[in-house]
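# Topology and contacts: notes
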Amino acid sequence: MQNDFLITVILLMVPMSFSYSQNLTESSDVILTQSWSQEPNGWDYPIAISIPEVPQPENGFPVCILLHGNGGNGPSMMGWGANLFQQDHILVAPTGYQNSWHLCSEMSEAPDIAMLGDLVSQLQTFDNVDVSHIRLVGNSNGAGLVNQAYIELEIPGVDAFVAIVSQMNEPQYHQGQFHRPSGATEASSDYCGYDDVVVPLQGRKYLSICNENDPVIPYAGGTAVGNVFL
């Protein structure tokens, strides 16, 4: 009788041990809500997700978070990302507030770094995600956010940052140190209000890709789009 009771308890416990396993899918509810001065009642970042149609690696798929340029959106980044990663990464592409990312004089004041931190933390809860290989790739304005994430984001597992056609700018790096804003950013403030010194985490990969004939962002550095690039 005692053995029968023990077997019953074990059988009841077995389903419970697997009830919390969950794979990320293209319809998964990844909720990215932030509130700030422009949206005091909260705003949800739209997000697009693509899962590879190939066998899952033992440790799960690496993830690439794609960040669009000014005026773009998450879904528009999916084809671009698929060409880059050839279906071996999960692709995740949020859309920024006012189709922009908060950098210096941009119209958006959204807490995009906090959003990225929340996004990475949520992604790392899914069984088909390789929690130690999450990458950020951004284009133009999105590259600027990648640069800022390299400076500020301190979540283990984010192992690579790729900024395409937007190098670091003076607010982000000046007087020999990296910086983040301690409050609201203002173009009229010294270095746009990026006044809090940061020492980025070590041991991560960083790649900046620029064109010497770029008609917008000066390859050799200088003033453009309301900012000073290094």
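See the structure printed just above.
Report follows, based on the coordinates. Given the structure is predicted, the values throughout are model-derived calculations rather than measurements.

## A short note on the state of the cysteines
This structure, assessed with the given rule, holds one disulfide. A disulfide bridge connects cysteine 104 with cysteine 192, and the sulfur atoms are separated by 1.7 Å. One end of the pair, cysteine 104, is in the loop between β5 (90–94) and α3 (112–123); the other, cysteine 192, is in the loop between β9 (177–180) and β10 (196–198), and 88 residues separate them in sequence. A relative accessible area of 6% places cysteine 192 in the buried class. Sulfur of cysteine 64: no disulfide; nearest cysteine sulfur belongs to cysteine 210 and is 18 Å away.

## Section: the environment of isoleucine 49
Looking at the element boundaries, isoleucine 49 is found in strand β3 (residues 47–50). The sequence separation of isoleucine 49 and isoleucine 65 amounts to 16 residues, and the corresponding C-alpha distance is 9.4 Å. Those residues in contact with isoleucine 49 that sit more than four places away from it in its chain are Leu24, Thr25, Glu26, Ser28, Val30, Met78 and Leu91.

## Details of the side chain of glutamine 148
Tracing the backbone through its elements, the reader meets glutamine 148 in helix α4 (residues 141–152). With a relative accessible area of 2%, glutamine 148 lands in the buried category. Apart from residues no more than four positions distant in its own chain, glutamine 148 is found in contact with Leu103, Ile113, Leu153, Gln172, His179, Arg180, Pro181 and Tyr194.

## Let's talk about the pattern of salt bridges
Side-chain pairing between opposite charges can occur once the charged atoms of the two side chains come close. Counted under the stated rule, the structure contains two salt bridges. The closest approach of N and O atoms between arginine 135 and aspartate 159, which form a salt bridge, is 2.8 Å. In this pair, arginine 135 is assigned in strand β6 (residues 129–139) and aspartate 159 in strand β7 (residues 158–164), connecting sequence segments 24 residues apart. The salt bridge partner of aspartate 196 is arginine 180, with a shortest N-O separation of 3.0 Å. Of this pair, aspartate 196 sits in strand β10 while arginine 180 sits in strand β9, and the two are 16 residues apart along the sequence.

Thresholds, definitions, all that
Residues numbered from 1 in each chain as written. Predicted model: local features only at pLDDT ≥ 70, side-chain atom pairs only at ≥ 80, totals over all residues. Heavy atoms only, no water. Disulfide = S-S within 2.5 Å. Helix = DSSP H or I, 4+ residues; strand = E, 2+ residues; numbered from the N terminus. Buried < 20%, exposed > 50% of the residue type's maximum accessible area, 1.4 Å probe, protein only. Contact = heavy atoms within 4.5 Å. Salt bridge = Lys/Arg side-chain N within 4 Å of Asp/Glu carboxyl O.

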